[in-house]
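Here are the chains, one letter per residue:
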Amino acid sequence: MGNKFLQYFALTISAIGAINWGLIGFFDLNLVSLLFGSMSWLSRIIYGLVGICGLYLLTFYGLVDSEQQGV
């Protein structure tokens, strides 16, 4: 259960980060700063989690490669 939970958690947090970057790019609206304050301790934790989850998702490239080889 732990590994599957971690995968879903990382995907969810990364999707939230991607949506936030889309809002910044299209509408100049930083949702994290709007909800939690500009660089407050809570927003810094959220940004840190998004970064860590993004790094974790880089390991998914190995999963895609092993699935294509039939391993």
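Use the structure listed above.
Residues numbered from 1 in each chain as written. Predicted model: local features only at pLDDT ≥ 70, side-chain atom pairs only at ≥ 80, totals over all residues. Heavy atoms only, no water.

A. The arrangement of the overall build of the protein in detail. Helix and strand counts for the protein come out as 4 helices and 0 strands. Mapped from its N terminus to its C terminus, the protein presents α and β elements in the order α-α-α-α. For the protein, the proportion of its 71 residues judged to be buried stands at 15%. Residue pairs at least 24 apart in sequence account for 54% of intrachain contacts in the protein once pairs closer than 6 positions are excluded. (Helix = DSSP H or I, 4+ residues; strand = E, 2+ residues; numbered from the N terminus. Buried < 20%, exposed > 50% of the residue type's maximum accessible area, 1.4 Å probe, protein only. Contact = heavy atoms within 4.5 Å.)

B. The side chain of Ser43, seen in detail. Considering the arrangement of structural elements, one finds Ser43 in helix H3 (residues 41-57). By relative accessible area, Ser43 is classed as buried at 0%. Aside from chain neighbours lying at most four places away, what touches Ser43 is Val32, Phe36, Gly37 and Ser38.

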